[in-house]
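Each chain, written out:
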Amino acid sequence: METVIVKNITKRFGEFTAVDRISFSVSKGEIFGLLGPNGAGKSTTIKMLCGLVQPDEGTGSVGGLDIVNQQWDIKKIIGYMSQKFSLYEDLTIEENLEFYGTVYGLSANLLQQRMNFIYELVNIKDHRHSLVKNLPLGIKQRLALGSALIHNPQILFLDEPTSGVDPLMRRIFWDEIYTLAKEGKTVFVTTHYMDEAEHCNRIALIIAGKIIALDTPQGLKEKLPYTIVKIVTDSYLKAYNVLSKENFVIEVSLFGTDLHVVLEKQYKHFAIIKKLLQSHNIHDVTIEPILPTLEDVFVMSAR
Ligand SMILES: Nc1ncnc2c1ncn2[C@@H]1O[C@H](COP(=O)(O)OP(=O)(O)O)[C@@H](O)[C@H]1O
Ligand SMILES: [Mg+2]
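The structure displayed is predicted, hence computed values, not measured ones.

The next thing to look at is the coordination of the magnesium ion (ligand 2). Angles at a metal have ideal values that depend on geometry: 109.5 degrees with four tetrahedral donors, 90 or 180 degrees with six octahedral donors. Ser43 (OG) and Gln83 (OE1) make up the full set of protein donors to the magnesium ion (ligand 2), lying at 2.1 to 2.3 Å. Highlighted residues: Ser43 in helix H1 (residues 42–49) and Gln83 in the loop between strand S6 (78–81) and helix H3 (93–103), separated in sequence by 40 residues. Residue Ser43 is classed as buried on the basis of its relative accessible area of 19%. Of the residues examined, Gln83 reaches a relative accessible area of 36% and is grouped as partly exposed.

Another aspect to go through is the layout of surface pockets. Empty space within the largest pocket amounts to approximately 440 Å³. For the largest pocket, the lining is made up of 20 residues, of which Lys75, Tyr80, Ser86, Tyr100 and Tyr104 are closest to its centre. For the lining of the largest pocket, the elements supplying multiple residues, two or more each, are helix H2 (71–77), S6, H3 and helix H5 (137–148). Here the element with the most residues in the lining of the largest pocket is S6; it accounts for four residues. Looking at side-chain class alone, the lining of the largest pocket contains 13 nonpolar, five polar and two charged residues.

Looking now at the packing of H3 against helix H4 (residues 108–122). Running from N to C, H3 and H4 point in directions that differ by 130°, and their axes come no closer than 10 Å. Comparing their axes, H4 and H3 come out oblique. Crossing angle aside, the handedness with which H3 passes H4 is right-handed. Where H3 abuts H4, its residues Ile93, Glu94, Leu97, Glu98 and Gly101 lie against Leu111, Met115, Ile118 and Tyr119. Residues that form the contact of H3 with H4 fall into these classes: six nonpolar, one polar and two charged.

A few words on the domain arrangement of the chain. Each assigned domain of the chain is listed here: domain 1 (2–221) and domain 2 (224–301). With centres defined by C-alpha atoms, the gap from domain 1 to domain 2 works out at 38 Å. On the side of domain 2, nine residues touch domain 1, which itself brings 15 residues to the contact. Across the domain 1-domain 2 interface, the total number found is zero salt bridges.

Here the focus is the side chain of Glu30. Residue placement: Glu30 occurs in the loop between strand S2 (16–27) and strand S3 (31–35). Not counting residues within four places of it along the chain, the set of residues in contact with Glu30 comprises Ser25, Lys185, Thr186, Val187, Asn201 and Arg202.

A few words now on the site of ligand 1. The full set of residues close to ligand 1 is Phe13, Phe16, Ala18, Pro37, Asn38, Gly39, Ala40, Gly41, Lys42, Ser43 and Thr44. Gly41 places a polar main-chain atom, nitrogen or oxygen, 3.0 Å from an oxygen atom of ligand 1. With respect to ligand 1, the backbone of Ser43 contributes an N or O atom lying 2.9 Å from an oxygen atom. For ligand 1, the protein covers 60% of the area, taking 560 Å² as the surface of the free molecule. Of all elements in the fold, only S2 and H1 reach the threshold of two or more residues within the shell around ligand 1. Classifying every residue of the shell around ligand 1 gives five nonpolar, five polar and one charged.

The rules behind each value
- Residues numbered from 1 in each chain as written.
- Chains lettered and ligands numbered in written order.
- Predicted model: local features only at pLDDT ≥ 70, side-chain atom pairs only at ≥ 80, totals over all residues.
- Heavy atoms only, no water.
- Donors = N, O, S within 2.8 Å, 3.2 Å for Na, K, Ca; no water.
- Helix = DSSP H or I, 4+ residues; strand = E, 2+ residues; numbered from the N terminus.
- Buried < 20%, exposed > 50% of the residue type's maximum accessible area, 1.4 Å probe, protein only.
- 1 Å grid on protein atoms, 1.4 Å probe; cavity = no way out; pocket = protein on both sides within 12 Å on 5 of 7 lines; lining within 4 Å.
- Points joined across faces, edges and corners; volume = space filled by probe spheres on them.
- Nonpolar A, V, L, I, M, F, W, Y, C, P; charged D, E, K, R; others polar.
- Axes fitted to C-alpha atoms, helices over the stretch in contact; angles between N-to-C directions.
- Parallel < 35°, antiparallel > 145°, perpendicular 65-115°, else oblique.
- Left-handed = near helix turned anticlockwise from the far one by under 90°.
- Contact = heavy atoms within 4.5 Å.
- Domains from an automatic or database assignment.
- Salt bridge = Lys/Arg side-chain N within 4 Å of Asp/Glu carboxyl O.
- Near = heavy atom within 4 Å.
- Polar contact = N/O pair within 3.5 Å; in protein donor to acceptor, adjacent residues only side chain to side chain.
- Areas by Shrake-Rupley, 256 points an atom, 1.4 Å probe, with all protein chains shown as cover.

What follows is the structure in structure tokens.
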């Protein structure tokens, strides 16, 4: 069952098109990621879905409600965690949750029940009497997720929720997102972290307001119409220079000290690469085809 459907939605700011005719749909219980660099149009897209920004063109619905005509109703059924979390710094965790629960009209009983659920899910009970301004970012971030969940919404919109948070905290946060999706909640999340996008069921790549690819992480990698080979050598900088000058090489990038070389899909002449490097006195070479990383997919799709 599809809970989010958009068709050709567009947003302009004056002459500038921030989101350019994008279309996709998201199923119930799915974790759907919108992956793209800064300024790509992720926040603007999420705001159109949350009923905060009116699209200039296109149609769409969220939980069966129209994103153009039923913006007010959409706000009641969704959870939204904005890029700059809206927490009250001079209130405690408990007071923040109570405040949001009251805004959504929860009864005292229900509010207590939801708060217990949230304390459990995001593991912040021990801090409940601390002022938000005294908390580390990782805990604020989990409280922001908790606040977005106070009214038990079925669809969650998370805008770069893990920005600036350390890897361990990000891991924990993703475990919490999995728990929510397993319960049937739909999660729409934006990110600019390639590795993080691997956690999503499907990903749309967005650049300059346009979706340039949309598939499962595995599907994106398999369907990339290139062969990627990994080359490992101590002389990686020299090899980089040699290979970047070759016509049959479409792209060379460095991943640490490994080289990823992009070749035509059917190009299998690894022996030629080996010979070429040997002719430049690079002998300690291993060459193997690899499945592209999401970063490879992104770089190649953006060309
Ligand atoms: N209210 C606005 N007025 C003018 N330009 C905006 C506004 N909001 C966003 N933009 C521009 O639209 C583009 C996309 O922004 P945004 O959706 O925030 O991107 P992202 O979230 O992917 O970083 C950026 O170039 C941004 O400067
Ligand atoms: Mg943004």
